[in-house]
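Descriptive structure summary
Listed below, chain by chain, are the residues.
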Amino acid sequence: MSGEGPFDTIGTVGAGAYGAALALAAARAGRRVLLWAREAAAVDAIARTRQAPRLPGITLPDAVRGTVQLADLAGCDALLITVPTQSLRAVCRALAPLLPASIPVISAAKGIERGTGLFTTQIIAQELPAARPAILSGPSFAADIGKGLPTAVTLAAADASLAQALAEALSSPAFRIYHSADPRGVEIGGAAKNVLAIAAGIAIGLGYGESARAALVARGFAELRRFGQAHGAQGETLMGLSGLGDVVLSCASPQSRNFAFGLALGQGRSVTDAAGGALAEGAFTAQILAQMAQAGGVDMPIADAVAGIIDGRIGVREAVTGLLARPLRAEGEGETM
Ligand SMILES: NC(=O)C1=CN([C@@H]2O[C@H](COP(=O)(O)OP(=O)(O)OC[C@H]3O[C@@H](n4cnc5c(N)ncnc54)[C@H](O)[C@@H]3O)[C@@H](O)[C@H]2O)C=CC1
Ligand SMILES: O=C(CO)COP(=O)(O)O
């Protein structure tokens, strides 16, 4: 026993696809859930139909209650924040005067903040200095969680006993949460895999085939590991669910919005309409990831190519030609993990 908890009531902040899915997962784990949404229409829909608008066809149990009042979250034992990375700071700032000290605040966003280069647990630490930040990440489509399909993710916090207690409180038979004391490793995997998924989508959209995709995924994962190593991530974290696991899922499935965004780019759609209104976190992270890599002397040609395409610095075919023209070298050169 860790002495943490009990985590009877969980607040989920953001009622998009993943917020609704994690609210449902927490309810299946036996928690009461308060689901905060910015949009009153989402809360109304949940009350009337028991369905969240962004997770259609999935019934939320009565243990999940919606609210538009941020202050209602003050009574929760832990929070799960599921708003996009670039909105996380604003949401934490609004929560700051409301939350009790030491409350665990778990980010489920997968990205890096533009302008600061901060990971999501660092944003939480800055804006909610009395809270205890954690991160939940790993291969898990909201729709799969919603349907109760088997899913496994990692929950990490600097305090290992907190990570374990939260993982136990939120796990259920079909939603298995492994725990870790390496939040940086977990959040790097989630952020970088989105950029790699865009690259994989581009390769398929261009018609380059499955062999090219496999090569890109393997070389992309080598980049992710180099970046992780430079930022103090543990090798086993990067090789685990939140790193390799999510790279495999997101680079292989058109269900991934990041992959679908890349696919549309490869098929000739413009950056402005390739996402089709869906959230592709990698489009917001690519540039800052490439900048951080460059500043730290980490070679990340695939992330750099994706950033160049999104910034309009380089065309899709030109970017791929550039990758293919790189000098051949020994596999594993410069990698020690
Ligand atoms: N959908 C999925 O399968 C998964 C999503 N994630 C991550 O979860 C995060 C959210 O993704 P989704 O829920 O899928 O996106 P979504 O687009 O379905 O929903 C995002 C929600 O955030 C809310 N929001 C945005 N800015 C806000 C702000 N400033 N204040 C308050 N609310 C705000 C929106 O109203 C919306 O309800 C992303 O970082 C994503 O990478 C992680 C794993 C799986
Ligand atoms: O992170 C995810 C699966 O683990 C969801 O991927 P997308 O955000 O690309 O849809």
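Residues numbered from 1 in each chain as written. Chains lettered and ligands numbered in written order. Predicted model: local features only at pLDDT ≥ 70, side-chain atom pairs only at ≥ 80, totals over all residues.

In the annotation of an unreviewed UniProt entry, the entry for the protein reads Glycerol-3-phosphate dehydrogenase [NAD(P)+], and the organism field reads Bosea massiliensis. Taken verbatim from the UniProt record of the protein, the Pathway (unreviewed entry) comment is "Membrane lipid metabolism; glycerophospholipid metabolism." (UniProt positions renumbered as here; feature names shortened; annotations may be inferred.)

**Observations concerning the UniProt feature "active site" (unreviewed entry) in the protein**
Within this structure's numbering, the places UniProt gives as "active site" (unreviewed entry) are Lys 193. With residues up to four places along the chain from it excluded, the contact list for Lys 193 reads Asp 246, Val 247 and Ser 250. (Contact = placed C-beta atoms within 7 Å.)

**With respect to unusual backbone geometry**
Most of the time, phi is negative for any residue but glycine, and the peptide bond is trans. Residue Pro 6 follows Gly 5 across a cis peptide bond; omega there is 5°. Among the structural elements, Pro 6 can be located in the segment before strand S1 (9-13). At Arg 50, a residue that is not glycine, the phi angle is positive and equals roughly 65°. Note that Arg 50 resides in the loop between helix H2 (40-49) and strand S3 (64-67). According to the C-beta neighbour criterion, Arg 50 is partly exposed, with 13 such atoms within 10 Å. Within the chain, Ser 102 stands out as a residue other than glycine whose phi angle is a positive 70°. With respect to the element layout, Ser 102 can be found in the loop between helix H3 (85-95) and strand S5 (104-107). Using a count of 9 C-beta atoms within 10 Å as the deciding quantity, one classes Ser 102 as exposed. (Helix = DSSP H or I, 4+ residues; strand = E, 2+ residues; numbered from the N terminus. Buried ≥ 20, exposed ≤ 12 C-beta atoms within 10 Å, placed from the backbone.)

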